[in-house]
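# Structural overview
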Amino acid sequence: MKTRYFVGLMAMLLVGLTLSQQSPFQQRVQQAINSGGNKFAETMKQDRDQALCSQYRDKLPPEEVGAFLERQRALIKYPADGKLMGDWKQGEALFTNPRKGNCYACHTGDPKEAGAGRMGPGLVGYGQRGTSEPVVKYTYDKIYNAWASMPCSLMYRAGYHGILTPEETAHVTAFLLDPASPVNAKR
Amino acid sequence: MRDRSLWIGFLVALGLGLSIALTQQQEVDPYKEAERQRELFRQTAGILPGELYAAQGEELFAQKRGPKNASLEACDFGLGPGKLEGALTQLPRYFADTRRVEDLETRIVSCMVNLQGFRPQDIKREDVKALTAFVASKSTEMPINVVPRSSQEIAMYNLGRELWYHRAGDRDMNCAICHDSYAGGKVRLSPVRSPRQGLSNEWPAYRFEADKLYTLEDRIAFCYESVGIHPPEYYSEPMIALSIYMLAEATKGKNKFTELPGFTR
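## With respect to the interface of chain A and chain B
- Listed per partner, the contact involves 40 residues of chain A and 33 residues of chain B.
- Interface of chain A and chain B: buried area, both sides summed, is about 3,400 Å²; carbon and sulfur atoms make up 58% of it.
- In terms of surface lost to chain B, no three residues of chain A exceed Arg57, Met119 and Leu154 of chain A, which account for 21% of the buried area on that side.
- Counting across the interface, chain A meets chain B through 4 salt bridges.

Below is the structure:
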């Protein structure tokens, strides 16, 4: 009786080991990355979903999408005071600071900003959506973790990576939605 | 109403564009500005900085140096010992003597070690850069011709493609985000190209905005730095893998090298 349990346990362990092992090709990739030096290997480390996005070249198969979005949604944190719209002026500085949001590298927010990028969707007039609760929350969530609504989005996860704190995310949200923000100036 | 505001927006953008164009040309057309800067160098110095590096490299190439007191004239870049004409066009490739796939920079280091007897740690990066500029100058404006054939070359190409799509770092970046998804467009003010569009066909190049010579490996390092990932070490597998991937794709796109060393922003 005991031996049967033992054999069963060993079999399960074996299956687990095989499933968690990297393919020979993945092992080879890891070996190449390691050969680039410790610091390179350290910064090239991936979390589970970065690895998944890489594997599928940023186009997830439909059966992966649901669980992916769920995992990413669980990562979103909100400001302690619960206010998802902060100060648009601080938001503007974060939007254009290359070391912080760096949003303007891809998105035009204030059309007066020289050299704003056009790779991402233009955000001029974004505030015409109003400031109802769902709009504010959608905007906040998108900035905090772009992968929670779009798997493997080209947009990076500013809040998840700690580049923007929840409070700072609320400021950038205000920069986009506040009617007084230059994003929404009457033109 | 919407049409009208679109028009006004268009006119404002046009006006803004023009005023920037008049004050800071490089912010509007980086290619034209590079051309202008290049002409200015020609007029005032009579020689381009890239040509100076190449001249320096030529001297280093012919000099008897290192513990073995030998020149690099017997270095085989894949076309036979000392054959430099077009050598860069077929690199990276597999070399039986070192039993690895090497790009131009790595091959130069191998020859400095094997022919001249240098220890790898004693090889100066500046010397390798000058030598790279010199050897590359012999492939000026030639068609790129990197076709992975041996199993080692194909494996290196596959590694490079995998690294190309590898999303990492706190900006969740990979190479493809800029160089595939937005190829042909601009990241802020910088035009971006895909490998097929000939990305990598101007290196080594003198960058006037940095006042430095950048080899392809330097340029790859710069890309990694700008997305918050510590660059791989020089002559390491990731450098060679990405190089063979980009240059093999450039070959598929039937691209030529520019003038080498290139002159760019």
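## Re the packing of helix H2 (residues 24-35) of chain A against helix H6 (residues 151-164) of chain B
- Two elements in contact, H2 of chain A and H6 of chain B, have axes whose closest approach is 10 Å; the angle formed by their N-to-C orientations is 80°. When the axes of H2 of chain A and H6 of chain B are compared, the pair comes out roughly perpendicular. Of the residues in H6 of chain B, those in contact with Phe25, Arg28, Val29, Ala32 and Ile33 of chain A of H2 of chain A are Asn158, Leu159, Glu162 and Leu163 of chain B.
- Looking at the contact of H2 of chain A with H6 of chain B, its residues break down into 6 nonpolar, 1 polar and 2 charged.

## As for the packing of H6 of chain B against helix H9 (residues 237-252) of chain B
All names here are of chain B.
- Orientation of H6 relative to H9, taken along the N-to-C sense of each, is 95°, at an axis distance of 7 Å. What the angle tells us is that H6 and H9 run roughly perpendicular. In contact with Glu153, Met156, Tyr157, Leu159, Gly160, Arg161, Leu163 and Trp164 of H6, H9 contributes Glu237, Pro238, Ile240, Ala241, Leu242, Ile244, Tyr245, Met246, Ala248, Glu249 and Lys252.
- Looking at the contact of H6 with H9, its residues break down into 13 nonpolar, 1 polar and 5 charged.

## Re the sheet that holds strand S7 (residues 262-264) of chain B
Residue and element names in this part refer to chain B.
- Reading across from one edge, S6-S5-S7 is the order of the 3 strands in this open sheet, with mixed pairing throughout. In the strand order of this sheet, the two ends are held by strand S6 (212-214) and S7, each with one partner. Ignoring which end each strand starts from, the neighbouring axes of this sheet average 30° apart.
- Pairing geometry for strand S5 (residues 205-207) and S7, over 3 bridges, is parallel.

## Digging into the pattern of salt bridges
Residues and elements named next belong to chain B.
- According to the stated counting rule, one finds 25 salt bridges over all chains in the structure shown.
- Linking glutamate 126 and lysine 129 is a salt bridge whose minimum nitrogen-to-oxygen distance equals 3.8 Å. Here the residue glutamate 126 and the residue lysine 129 both occupy positions in helix H5 (residues 125-137), the gap between them amounting to 3 residues, near one helical turn.
- With a relative accessible area of 8%, lysine 129 lands in the buried category.
- One salt-bridge network, held together by shared partners, links Glu105, Arg125, Glu126, Lys129 and Asp218.

## Regarding helix H8 (residues 166-177) of chain A
All names here are of chain A.
- Across its 12 residues, H8 extends 16 Å between first and last C-alpha, which sits within 8% of the 16 Å expected from 1.5 Å per residue.
- The buried count for H8 comes to 11 of 12 residues, which makes it a mostly enclosed element.
- Where H8 is concerned, the buried positions are Pro166, Glu168, Thr169, Ala170, His171, Val172, Thr173, Ala174, Phe175, Leu176 and Leu177.
- Looking at the buried residues of H8, the elements they touch are helix H6 (88-96) and helix H7 (133-144).

Each value, and the rule that gives it
Residues numbered from 1 in each chain as written. Chains lettered and ligands numbered in written order. Predicted model: local features only at pLDDT ≥ 70, side-chain atom pairs only at ≥ 80, totals over all residues. Heavy atoms only, no water. Contact = heavy atoms within 4.5 Å. Buried area = accessible area lost by both parts, 1.4 Å probe. Salt bridge = Lys/Arg side-chain N within 4 Å of Asp/Glu carboxyl O. Axes fitted to C-alpha atoms, helices over the stretch in contact; angles between N-to-C directions. Helix = DSSP H or I, 4+ residues; strand = E, 2+ residues; numbered from the N terminus. Parallel < 35°, antiparallel > 145°, perpendicular 65-115°, else oblique. Nonpolar A, V, L, I, M, F, W, Y, C, P; charged D, E, K, R; others polar. Pairing = 2+ DSSP bridges. Buried < 20%, exposed > 50% of the residue type's maximum accessible area, 1.4 Å probe, protein only. Expected span 1.5 Å × (residues − 1).

It is worth stressing that arrangement in space is one thing and function is another; only the former is reported here.
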